[in-house]
Structure formats: structure tokens, C-alpha cells
Amino acid sequence: MLKPTIKIAPSSSENDSFWLLYEPVVLFHESKKGKIFLGNKEPKICRFCNRDSSSTTFKMNAHVLPEFMGNKSLLSYYECDQCNSHFSKYETALSNFGGIMNTLSLLQGKKSVPKFKSKDERLQIKFNSQENILNVRATAHNVPNDTDKREWGKYVDGFKISDDKKTITFKTTKPSYIPRHVFKAFVKVGFGLLPIDSLPYYEKARKWLINEIDDEKIENLSLFHVYRQYGKLLKKPVVYLARKKKLYERVPSPENALLIFYGLYKFQVFLPFNENDEWLWNQDEIYLPIENHLVRNIEVNSEGDGTGEVNKIDLSTIFKVTDEEDHLSFGLKEGKFL
Ligand SMILES: [Zn+2]
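Position numbers for residues start from 1 in each chain and track the written sequence from start to end. Local features in this predicted model are restricted to residues of pLDDT 70 or higher, and side-chain atom pairs are both shown and tallied only at a pLDDT of 80 or more, whereas totals for entire chains, interfaces and linings draw on every residue.

Strands are labelled as partners when DSSP assigns at least two bridges between them. Secondary structure elements are taken from DSSP: a helix is a run of H or I of four residues or more, a strand is a run of E of two residues or more, and numbering for both begins at the N terminus. Read from one edge to the other, the open sheet built from three strands follows the order 6-7-8, with strand pairing classed as antiparallel. Sheet topology places strand 6 (116–117) and strand 8 (133–138) at the edges, where each strand pairs with a single neighbour. Examined bridge by bridge, strand 6 and strand 7 (residues 123–128) share two bridges and lie antiparallel to one another. By the bridge assignment, F116 is partnered in strand 7 with I125.

Formed by 74 residues in total, the largest nonpolar core has its most connected members in F186, V189, L258 and I260. If one sorts the elements of this core by residue count, strand 12 (residues 256–270) sits on top with 11 residues. When residues of this core are assigned to domains, at least three fall in each of domain 1 (5–93 + 177–331) and domain 2 (101–173). C-beta atoms are first placed from the backbone for all residues, and any pair lying within 7 Å is then listed as a contact. Beyond its immediate chain neighbours, meaning those up to four positions away, V189 contacts V64, L65, V239, L258 and I260. We call a set of buried Ala, Val, Leu, Ile, Met, Phe, Trp, Tyr and Cys residues a nonpolar core when their C-beta atoms link them within 7 Å. Whether a residue is buried, exposed or partly exposed follows from its count of other C-beta atoms within 10 Å of its own C-beta, namely 20 or more, 12 or fewer, or something in between, respectively; the C-beta atoms are built from the backbone. Note that the domain bounds were set by an automatic or database domain assignment.

Taken in spatial order, the three strands line up as 3-5-4 in an open sheet, and their pairing is mixed. A strand with exactly one partner marks an edge of an open sheet, and here the two such strands are strand 3 (36–38) and strand 4 (62–63). As defined by bridge partners, strand 4 adjoins strand 5 (residues 74–76) across two bridges and the pair is classed as antiparallel. For H63, the partnering residue across the bridge sits in strand 5 and is L75.

With that settled, consider the domain arrangement of the protein. In terms of domains, the protein is made up of domain 1 (5–93 + 177–331) and domain 2 (101–173). Computed over C-alpha atoms only, the centres of domain 1 and domain 2 are separated by 32 Å. Between domain 1 and domain 2, the residue contacts involve 18 residues of the former and 16 residues of the latter. Among the secondary structure elements, those contributing two or more residues to the side of domain 1 that touches domain 2 are strand 12 and strand 16 (325–331). Per-element accounting of the side of domain 1 that touches domain 2 gives the leading share, seven residues, to strand 16. Partitioning the side of domain 1 that touches domain 2 into residue classes produces eight nonpolar, five polar and five charged. All residues other than Ala, Val, Leu, Ile, Met, Phe, Trp, Tyr, Cys, Pro, Asp, Glu, Lys and Arg, Gly among them, are scored as polar; the first ten of these are nonpolar and the last four charged.

Before going further, it helps to examine helix 4 (residues 179–193). With 15 residues, helix 4 ought to run about 21 Å at 1.5 Å a step, and its terminal C-alpha atoms sit 22 Å apart, in line with that. Within helix 4, 14 of the 15 residues are buried, leaving the element largely enclosed by the surrounding structure. By this rule, a helix spans an expected 1.5 Å times one less than how many residues it contains.

This part covers helix 2 (residues 81–98). A rise of 1.5 Å per residue sets the reference length of helix 2, with its 18 residues, at 26 Å; its end C-alpha atoms lie 25 Å apart and thus fit the reference within 8%. The sharpest bend along helix 2 comes to roughly 25°, located at S88. Those residues of helix 2 that fall on the buried side of the exposure criterion are C83, N84, F87, Y90, E91, A93, L94, S95, F97 and G98. Of the residues trailing helix 2, G99 is marked for its positive phi of about 60°. One axis fitted to the seven residues ending at a residue, another fitted to the seven starting there: the angle between these axes is the bend at that residue.

Right, dumping it as C-alpha cells:
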């Protein structure tokens, strides 16, 4: 069987291929109204393992979006403690995948902004919340004895300020992570936001999330991608669950997409394993529109057609990635990523 071609269509603000095809089903942006719990308080049933309190417990606060993203308020009654602890390893993978950016994004985790320490500990970053300052400590090494102090910066590996003082560059490595687990962390969020009448179509996704389906037996991995972009700093996460409009049912695109924006990150994911999407694999082409916040270098020609670039990251592998390089450059203007 020939695989369908995957056609990626980046949106521009003038020609929004994503919001033309999709509509939001859930939008969440934290306000000051306190905690919001999704689902029924009683009786509690876990939507991941389908068990109730006769065979599992519901003592922990289950965050619909990971807490490390700054989510303090969106919780659910439908995630049991056992599933919650199973999913925590996916959240750790997602957090590790974020690397140094989690610290630079000033994300308020469980207690505070996470510190960053490179493997050799020569680069350390810590946020001082009282003074609202990000302290970067970089250690020079192998400095020749007679070097002038002003030249020590040349002997620092992980951190550089450009000669014109307009750019900061960090060069470090990410903590290790399994890409498939990162993807599962996104799908778990999407599954947690789905309206109850959509759940039966995602039975395979549910079993896969709780490891009732072996990861090695999974096919059709072409949707195991995320699209990533950087942008303005968001202190609180924003999440959209989008659904393909009824009108465009026959357009060969997955039924649901998830947009998660937090810190300096923006991600788009298509939810896999929807029964209603199975016909897509028999088509010549699968069409994936990308939301305009995920697109960079957008250019629009005189006919109003846009072109743009997207960062596609393949998260299908089940093998651990170690020492992945994490190189970032910032313009020295607050909150703006170059
Ligand atoms: Zn459960």
C-alpha cells in the first residue's frame, strides 16, 4: 500500500488555512477566577482507564495541562491517581524536550521557575523572583594564566553576548527524553479536553496512552509530528482544541488538532487514532493546515496567497535522545525571541 503524501499548508494571517477548516471546541486561557474542574465530581470515573473509585483512587489534583507550563487552575475529576502517575513520565519528557527554554520562559512550575544547570554545571541560570532578575552564571575554563579579565568571556562555552551587545546565545544540551513520550504528553492533554461524545472514536488513543497497546505495534506514524514556533512570552498557558468543520468533512485532514502555547513556545499537534480518520490513510494526500502562530517568515503575494515556513519535529521514535544540542539566540529586547 502506498502511503498518502503529507501536504503541509502554513497559514498566513490573510489566508488562514487552519481556521478556515477548523473551529475551536475548547479554548482555555487562565483567568483569575480560581480553579476549574472538568467532569463530574461524583461519581468519579477515570476517562483514561475507565475505572471508578471502587478500583482506583482520585486523591491527587489532576492537571489537564501540565503544571510546569504554569497551569494552576485547569484540573479534572476524570483522571485517577494511577493514570496521573503514569502520565507524569510523559510530562517529564515534554519538560526535558523544552530544555533551557523552560527557565528562560520564566514558567512557574510547582513551586517556582525551574533552575537550569548544564551537565558540566558551567552554565547555571536562576530566576530571582524578588528582584525580577534572571541570573546567568557562566564559568570560564582553560583560561591561560596571563589573560586579561575582560577577555575571560572568550573561555565560556555555553553563553555568549555578541560584540554589538544585541544578541545573547546559549549553547547547551537538553536533558534526555523519549520523543514518543513527548508526543504522548500532548495527546494526553488533547484527550483530556475532548467532549465526551468524541471519546468513543478515540478508543485506540486511550488504550495507547495507558500502554494497553504496545508502542512497537503502532503504524501510520506520519501524524506523530509537532509543529513548533517561538513567540511572545506567555506567563499562563493558552490551549485550543479544534475540530474540523462539518462543512469540510471530506477534506482529507484529521478531525482534531491541538494548539498549546506556553512560555515562549507554541505547539500544534494533530490527535492520532480517531476512528473517523481511518479513511485518510487510503487517500493520495493528507492535508495538514498549520495555524498562523506556528508559521515563520510569512510572505503574502499580490494575489493574497501566503507562503511560510514551519518547524516540524518528528516525535515518533521510541528511543531515548541524549545530549541533544540546544542552541538559542535572543535579541536583547524583553520577551522577544529572534
Ligand atoms: Zn485511570
